[in-house]
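Residues per chain are reported as follows:
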Amino acid sequence: MKHRTHVALLAVLVSGAAWGQDVSVYSTTIAQMWKSDIPGFDKTATYTPATEFLGIDANKLGTDALSLHLYGWGRTDLKDQSAIGGKTAGDLTYGYLQYAFDRANAQVKAGRFTINQGVGNEMVDGVYAYTDLLDGWNVTAFAGKPVVYKNLGNVPQASISFQRDYTFGTRLGYRIKRMGEIGLSYLQDGSTPAMDLPIPETLDFTRRQLGADLSLAPCSFIDVTGRTVFDVSRRQQAEHSTRIAESDYRVGVKIMDGLRFNGSFTDRDFLYYYTGSTLPNLFDMNERGKFKAVGGNLTWTAVANLQLVADVRRTNRDEYGTATRAGLDARYNLAAQHVLAGVGYHKVNAFNVALVDSTTPSHSLSHSEARAWVMAERGAFSASLDAIRLHYSGASTNPNLIGKSIESQLVGSVGYQANEGLKVSADLSYADTPLYKKQAMGLVRIEYRFGFAAKGGK
Amino acid sequence: MSKKLLLVAASLGLALLTACAIISPEASFARTHPEKLGAGRPTCSECHGTEAVKSTQKTFAALDHTAAFVKDHKVQASQDSATCASCHAQSFCSDCHGGKTVMTPSTKLGNRPDREMPHRAGYLTMHRIEGKIDPTGCYKCHGRANNEKCSACHK
């Protein structure tokens, strides 16, 4: 894979350059260095991975409508191996040809791409088509092979790849005049569920899902967005269950200029929500009950430069219990001085996890989080500082925290914008955590971009 | 298998052909947003006012990059990919949504504390608490992809 990725990227770089005018290349090179202080691990090891992220957009390939988009990364450890799997790694995140028509937002993609349409949030090697239709309708369809990632756990890799042989999905959307959009979508991942195989298997990695999504603003001060996902596979059904994998909705209310309220509601049924997981031991379909959450936040733009958000969210995981997270965030934007800063504090009041052994009957998951950060720019120079402090209430009894209740992290960065296309920055981070004890990490980042098709967000 | 794939491709083609007659005649959105934006999260409605985003029947306010939008953008991303694409290359999304990534978004963007990260540095400790409180929130990104590293401990 890695080899092919690099060859593909190189080939396009060369041929892309030959197309001349309308090629943009963006690259981020990151060199890191850290030593680790995890109890039980080699303390003499020094990790120095170098990582390259490379993206290429080649537009107007012969015709205005045709373009090529590639993005991938590669990592090499210059010293000790920093991640499981080897001293080098890489991946082609996406690589597709796109034909964009000049009406109806119609487009066709072929290659490797990510799709976000209704229930389909997939990485696919295949084809994709979208178009607006008359009278407010629009339609999407995609088909191909799902991108299957190698999993190092004890899940049989061959059955993941074998079951997930092809994927297909579609969405039909309808736009209501001055209201918004509603949609209905379907996704199928894999043709043969585990139980239909010649020799039936126990782990099923296939999915068949139906989804409904909406985003509506019935009047100028209220909007509703959300979706419901149904499992429509022939997988066995739990008693009294509705086959609803997920309902996730948010309602926004504009109370007055500068003051908005958002309420949210989430309901997930493990049996259906976790379908197709490649980590079934962690995301366990057989966990009893459901996950539910209700939340709300109030956003107040006090003065033009200052935004305050108060939020609270109460979650419930049936098998364990409830947790309430509440807190405040403030964000201050002094655009004229090129300064952006924020502070936040959250407290989480959570359930106890029962019995580890007879000496530690239970431990609490309650904790608090405080954070402050600032970013500033002066001419070509920039700097930022980010400080986080966590306080774990159950540290003395939680076997995962090794008795330490405070975790602190500090990340500082300085940057220099050499010219429009080149930026160099260096980060220094320091963490004192229950798990790692003390860890310092240095990082140098070189961002390079060349070309004209600069995107607003990136 | 390949027969099925062929069938899907054929019906897709057929659907596209018949669709030609009912395709909207409106011009496509600009492939890059015509106006260069300043740093930070854009508030669309500040520049655009209260009209609808072209043919989408949504107001610009629905896409204002507020704290709530940034935290919960899934429905808008799914319904308005053409609008998002005029400002965002897919690589922008891949920082947080890649199928296989090499470092946490907060490390890659360590010089951007203003960005909304799924989690911050040193998460290996904290995740044992947050994951326990709500594992379903992790499933979106780690359930079917980006979990090679997790399987070292979660076998």
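Remember, predicted model here, so these are calculated numbers, not experimental data.

### Thoughts on the overall build of chain B
Right, on to step 1. Assigned secondary structure in chain B consists of 9 helices and 0 strands.
Right, on to step 2. When the elements of chain B are put in sequence order from the N terminus, they spell out α-α-α-α-α-α-α-α-α.
Right, on to step 3. At 20 Å, chain B has a C-alpha radius of gyration far larger than the 15 Å of a compact globule built from 155 residues.
Right, on to step 4. Principal-axis analysis of the C-alpha atoms places the extent of chain B at approximately 55 × 50 × 25 Å.
Right, on to step 5. Across the 155 residues in chain B, those meeting the buried criterion constitute 45%.
Right, on to step 6. Look at the contacts in chain B between residues 6 or more apart in sequence, and 41% of them connect residues 24 or more apart.
Right, on to step 7. As displayed, chain B offers around 7,700 Å² of accessible surface, 65% of which is attributable to carbon and sulfur atoms.

### A few points about the nonpolar core
Right, on to step 1. Formed by 24 residues in total, the largest nonpolar core has its most connected members in Phe 53, Phe 113, Ile 115, Tyr 128 and Phe 142 of chain A.
Right, on to step 2. Of all the elements in the fold, those that place two or more residues in this core are strand 1 (23-35), strand 4 (66-77), strand 5 (88-100), strand 6 (107-117), strand 7 (120-132) and helix 3 (270-273) of chain A.
Right, on to step 3. If you count residues domain by domain, this core takes at least three from each of domain 1 (1-28 + 47-88) and domain 2 (101-301) of chain A.
Right, on to step 4. The contact partners of Phe 113 of chain A, leaving out residues within four places of it in the chain, are Tyr 94, Tyr 96, Glu 122, Met 123, Val 124, Gly 126, Val 127 and Tyr 128 of chain A together with Gln 90 of chain B.
Right, on to step 5. Ranked by size, the runner-up nonpolar core spans 15 residues in total, among them Ala 350 and Leu 365 of chain A together with Ile 129 and Ile 133 of chain B.

### Thoughts on a nonpolar patch on the surface
All names here are of chain A.
Right, on to step 1. Taken together, the side chains of Ile 255, Met 256, Phe 261 and Leu 298 define a hydrophobic patch exposed on the protein surface, amounting to about 360 Å² of accessible area.
Right, on to step 2. Positionally, Met 256 belongs in strand 13 (residues 244-256).
Right, on to step 3. The exposure class of Met 256 is partly exposed, given its relative accessible area of 48%.

### Points about the packing of aromatic side chains
Residues and elements named next belong to chain A.
Right, on to step 1. On inspection of all chains with the given rule, the structure shows 16 aromatic pairs over all chains.
Right, on to step 2. Consider the rings of Phe 270 and Tyr 274, whose centres lie 5.5 Å apart with planes at 35°: the pair is tilted.
Right, on to step 3. Look at Tyr 274 and you get buried, because its relative accessible area is 1%.
Right, on to step 4. Site record: aromatic cluster; members linked through ring pairs are Tyr 26, Tyr 71, Tyr 94, Tyr 96, Phe 113 and Tyr 128.

### Structural notes on the side chain of Gln 117 of chain A
Right, on to step 1. Topologically, Gln 117 of chain A is positioned in strand 6.
Right, on to step 2. Since its relative accessible area comes to 5%, Gln 117 of chain A is described here as buried.
Right, on to step 3. Among the polar contacts listed, one links the side chain of Gln 117 of chain A to the side chain of Ser 81 of chain B, at a separation of 3.3 Å.
Right, on to step 4. If near-sequence neighbours (up to four positions away) are discounted, Gln 117 of chain A is found in contact with Tyr 128, Thr 140, Arg 171 and Ser 185 of chain A together with Ser 78 and Ser 81 of chain B.

### Description of the domain arrangement of chain B
Residue and element names in this part refer to chain B.
Right, on to step 1. Under the domain assignment, chain B is made up of domain 1 (30-88) and domain 2 (98-155).
Right, on to step 2. Distance from the C-alpha centre of domain 1 to the C-alpha centre of domain 2: 27 Å.
Right, on to step 3. Across the boundary between the two partners, domain 1 contributes 4 residues, which contact 4 residues of domain 2.
Right, on to step 4. Taken together, both faces of the contact between domain 1 and domain 2 bury some 280 Å²; the carbon and sulfur share is 41%.
Right, on to step 5. Where domain 1 touches domain 2, the interface holds 2 salt bridges.
Right, on to step 6. A salt bridge links Arg 41 to Glu 116; the shortest N-O distance between them is 3.8 Å.
Right, on to step 7. At the junction of domain 1 and domain 2, the tally comes to 1 residue pair in polar contact (both at pLDDT 80 or more).
Right, on to step 8. For the side of domain 1 that touches domain 2, the per-class residue count stands at 1 nonpolar, no polar and 3 charged.

Calculation rules
- Residues numbered from 1 in each chain as written.
- Chains lettered and ligands numbered in written order.
- Predicted model: local features only at pLDDT ≥ 70, side-chain atom pairs only at ≥ 80, totals over all residues.
- Heavy atoms only, no water.
- Helix = DSSP H or I, 4+ residues; strand = E, 2+ residues; numbered from the N terminus.
- Rg over C-alpha atoms; globule rule 2.2 N^0.38 Å.
- Buried < 20%, exposed > 50% of the residue type's maximum accessible area, 1.4 Å probe, protein only.
- Contact = heavy atoms within 4.5 Å.
- Areas by Shrake-Rupley, 256 points an atom, 1.4 Å probe, with all protein chains shown as cover.
- Core = buried A, V, L, I, M, F, W, Y, C linked by side-chain atoms within 4.5 Å.
- Domains from an automatic or database assignment.
- Patch = residues over 30% accessible without salt bridge, like charges linked within 9 Å, V, L, I, M, F, W, Y side chains within 5 Å.
- Salt bridge = Lys/Arg side-chain N within 4 Å of Asp/Glu carboxyl O.
- Phe/Tyr/Trp six-rings, centres within 6.5 Å; stacked < 30°, edge-to-face > 60°.
- Polar contact = N/O pair within 3.5 Å; in protein donor to acceptor, adjacent residues only side chain to side chain.
- Buried area = accessible area lost by both parts, 1.4 Å probe.
- Nonpolar A, V, L, I, M, F, W, Y, C, P; charged D, E, K, R; others polar.

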